[in-house]
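Structural description and commentary
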Amino acid sequence: MTKFAISRVYTQTSPGALRAAACDAEERPIRLFTERWGGAGERARFGAISEARLRSFADELRGAFCELPSGEQVFLRLKSREDLTEGQAIRLRIESEARFEKLARGALTEASLQTVSGLKAWCAAIGVSSTPDIVESADRVSAAFDEALSPSVTLPRGGRLHIERTRALTAFDIDTAGRKDKGSAGARALAINQDAIGEMARQIALRGLGGAFILDCVSPIHASAGDRLRASGRSAFEVMGLAPVRLLKPSDLGLLQAAVPWRFMPVEDERLANPEETKLLDLMRQLQREADAIPTKFFTLSLGGPVWQAYQERKSDADQALKAHFSGRVSVQKSATDTSEVIGQ
């Protein structure tokens, strides 16, 4: 089995948020992390241990709905009621984070509660067995998040991989433009399909995806090539820490199917869960870049409409973060329009 390993974690500390990108030995980002407002009101994280209250049974779903101290709802799957009662205090391990229209899922546990920081807990959850190098690099982290939100990525030896997420599955399509492999048509197809499977696995890990996946492979795919693609696919998923994986050989139509368990909230869902707050934090990162470029300049954060409301809801946290980072060089005002921007003075 190919060993999964993270060699380095890059961090980006900005007003109101800590972001991180875990990279493999080739310096490719393969996992992303975001913590807002120092973890205040933090959502349930994969692998976390938390106290909870069992609120109601859902026998038709073979489970129960539970509530965390933060107020977040978690679904607990049960084979039976197991002598539990509604209103009972229980302890849960988070098995998968919430995502679009889906609650977080938990399992009963007797493990001790965790007291480590969010970043350390995340490192443990993604399989970091020892402390990796942790380096501050806003550029690397920003680039990793931009990649995770891009609809297309470049393959290592040329060509593109297009990614489209739907309710039922995530589809990957190969574009051979710019690719110059040598050999027979079968050899060329095998080379780009293997590259695409490896990149598909990395993008699944990077974006925090789970569920079902389809890769539309380049033809022709001979019987032996199908076996090789399945084997290389398994290795690629394992090296990205995505085991267990179900992976089938390409079908007669050239479609390779794979499935991995859901664990994390996808990067896209995290940004869309509170888009106004996300915009506020994006503006505060922009403000940091501009303020760092001109250390003597003063700025105004002009916030319009919903972004101003998001600021009001987090005013204490936001003002504290701005003061800590800029020492009074930044003022905040409500915009006369819905436009939000950073204004240099």
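What this report covers is the structure whose coordinates are included nearby. Residue positions are given per chain, counting from 1 as you read along its sequence in written order. Reporting of local features is limited, given that this is a predicted model, to residues whose pLDDT is at least 70; pairs of side-chain atoms are given and counted only at 80 or more, and all residues count toward the totals for whole chains, interfaces and linings. Only heavy atoms go into the side-chain values, all of them from the structure, while hydrogens and water stay out.

Moving on, we get to the overall build of the protein. The way it works is that DSSP assigns letters per residue, a run of H or I at least four long becomes a helix, a run of E at least two long becomes a strand, and they are numbered from the N terminus. Secondary structure assignment for the protein yields eight helices and 18 strands. Referenced to the eigenvectors of the C-alpha coordinate spread, the extents of the protein come out at roughly 65 × 60 × 40 Å. A burial count over the protein gives 47% of its 345 residues as buried. Two residues form a contact once any of their heavy atoms are found within 4.5 Å. For the protein, long-range pairs separated by at least 24 residues make up 65% of all intrachain contacts whose partners lie at least 6 apart in sequence. With an accessible surface of roughly 17,500 Å², the protein has 50% of that area assigned to carbon and sulfur atoms. Under the counting rule used here, the positive set is Lys and Arg, the negative set is Asp and Glu, and His together with the chain ends is not counted. The atoms used to mark charge sites are NZ of Lys, CZ of Arg, CG of Asp and CD of Glu. Considering the protein, the positive charge centre built from 47 side chains and the negative charge centre built from 45 side chains are found 3 Å apart. Only protein chains enter the accessibility calculation, which uses a 1.4 Å probe; a residue is then buried when its area is under 20% of its type maximum, exposed when over 50%, and partly exposed in between. All accessibility values rest on the Shrake-Rupley procedure with a 1.4 Å probe; residue burial counts only the protein chains present in the view.

All right, on to the nonpolar core then. Counting 45 residues, the largest nonpolar core has Trp122, Leu161, Ile204, Leu215 and Phe237 as the members making the most contacts within it. Here this core gets nine residues from one element, more than from any other, and that element is helix 3 (residues 185–207). Those residues in contact with Leu215, other than ones at most four positions away along the chain, are Leu161, Phe172, Ile174, Asn193, Ala196, Ile197, Met200, Gly254, Leu255 and Leu256. Counting residues in hydrophobic clusters, the runner-up holds 20 residues, among them Leu283, Ala291, Phe326 and Val342. Residues grouped as a nonpolar core are buried Ala, Val, Leu, Ile, Met, Phe, Trp, Tyr and Cys residues, joined through side-chain atoms within 4.5 Å.

Here we take up the pairing of strand 8 (residues 104–108). Note on pairing: two strands pair once DSSP finds at least 2 bridges between them. Here three bridges tie strand 6 (residues 73–77) to strand 8, and the two strands are oriented parallel to one another. Residue pairing across strands places Phe75 opposite Arg105, the latter belonging to strand 8.

Another aspect to go through is the sheet that holds strand 13 (residues 211–216). Read across the open sheet, the six strands follow the order 10-11-12-13-15-14; overall the sheet is mixed. Since the sheet does not close on itself, it has two edges, and those belong to strand 10 (152–154) and strand 14 (246–247), each with one partner. Every axis corresponds to a line fitted to the C-alpha atoms, with the helix fit spanning only the stretch in contact, and the corresponding angles, defined between N-to-C directions, vary from 0 to 180 degrees. Helix 3 rests against strand 10, strand 11 (160–165), strand 12 (170–175), strand 13 and strand 15 (255–260) of the sheet, and its axis sits at about 140° to strand 12.

Geometry of aromatic contacts follows a simple scheme: Phe, Tyr and Trp rings, the Trp one being its six-membered ring, pair when their centres are within 6.5 Å, and the pair is stacked under 30 degrees between planes, edge-to-face over 60, tilted otherwise. For the coordinates displayed, the defined rule picks out five aromatic pairs. Here the aromatic rings of Phe65 and Phe75 are separated by 5.4 Å at their centres, their planes lie at 65°, and the arrangement is edge-to-face. Here the residue Phe65 occupies a position in strand 5 (residues 63–67), and Phe75 occupies one in strand 6, the gap between them amounting to 10 residues. Its end group placed over the ring of Phe145, Arg19 keeps NZ or CZ at 4.3 Å from the ring centre. For the cation-ring pair, Arg81 lies above Phe57, with the distance from its terminal atom to the ring centre recorded as 4.2 Å. Charge over a ring is defined by NZ of Lys or CZ of Arg lying within 6 Å of the ring centre and within 35 degrees of the ring normal.

All right, on to the pattern of salt bridges then. Whenever Lys or Arg places a side-chain nitrogen within 4 Å of a carboxyl oxygen from Asp or Glu, that contact is recorded as a salt bridge. This model, assessed by the stated rule, comprises 24 salt bridges. In this structure, Arg165 and Asp269 form a salt bridge, with 2.7 Å as the shortest nitrogen-oxygen distance. A residue pair is termed long-range when its members are at least 10 positions apart, and Arg165 in strand 11 and Asp269 in helix 5 (residues 267–273) qualify at 104 residues. Note on Asp269: relative accessible area 10%, which makes it buried. Notably, a salt bridge pairs Asp227 with Lys249, separated by 3.2 Å at the nearest N-O pair. With Asp227 in helix 4 (residues 223–239) and Lys249 in the loop between strand 14 and strand 15, this residue pair connects regions lying 22 residues apart in the sequence. Lys249 sits in the partly exposed class, given a relative accessible area of 42%. Sharing partners across several salt bridges, the network here consists of Arg36, Glu277, Arg314 and Asp317.

Where helix 2 (residues 138–148) contacts helix 3, the axes come no closer than 9 Å and their chain directions differ by 110°. By the criterion of interaxial angle, the relationship of helix 2 to helix 3 is roughly perpendicular. Across from Ala144, Glu147 and Ala148 in helix 2, the residues of helix 3 making contact are Glu199, Arg202, Gln203, Leu206 and Arg207. The residue classification treats Ala, Val, Leu, Ile, Met, Phe, Trp, Tyr, Cys and Pro as nonpolar and Asp, Glu, Lys and Arg as charged. All others, Gly included, are polar. Of the residues that constitute the contact of helix 2 with helix 3, the class distribution is three nonpolar, one polar and four charged. Put simply, angles under 35 degrees are roughly parallel, angles over 145 are roughly antiparallel, angles from 65 to 115 are roughly perpendicular, and the rest are oblique.

On to the sheet that holds strand 3 (residues 29–36). The strand order across the open sheet built from four strands is 3-2-1-9, with neighbouring strands paired in mixed fashion. Because the sheet does not close on itself, it has two edges, and the strands there are strand 3 and strand 9 (133–136). Adjacent strand axes in the sheet meet at a mean angle of 20° when their direction is disregarded. Bridging between strand 1 (residues 8–14) and strand 2 (residues 17–23) involves seven bridges; their strand directions are antiparallel. Paired with Val9 across the bridge in strand 2 is Ala22. Across the sheet, helix 1 (residues 118–125) touches strand 1, strand 2, strand 3 and strand 9, and the angle it forms with strand 3 is around 150°.

Relative to the assigned elements, Ser152 resides in strand 10. On the accessibility criterion, Ser152 (15% relative accessible area) is buried. A polar contact of 2.5 Å, which involves the side chain of Ser152, links it to the side chain of His162. Apart from residues no more than four positions distant in its own chain, Ser152 is found in contact with Arg160, Leu161 and His162. Residues adjacent in sequence count toward polar contacts only when both atoms are side-chain atoms; beyond that, a polar contact is any pair of N or O atoms within 3.5 Å, and within protein one must be able to donate a hydrogen and the other to accept it.

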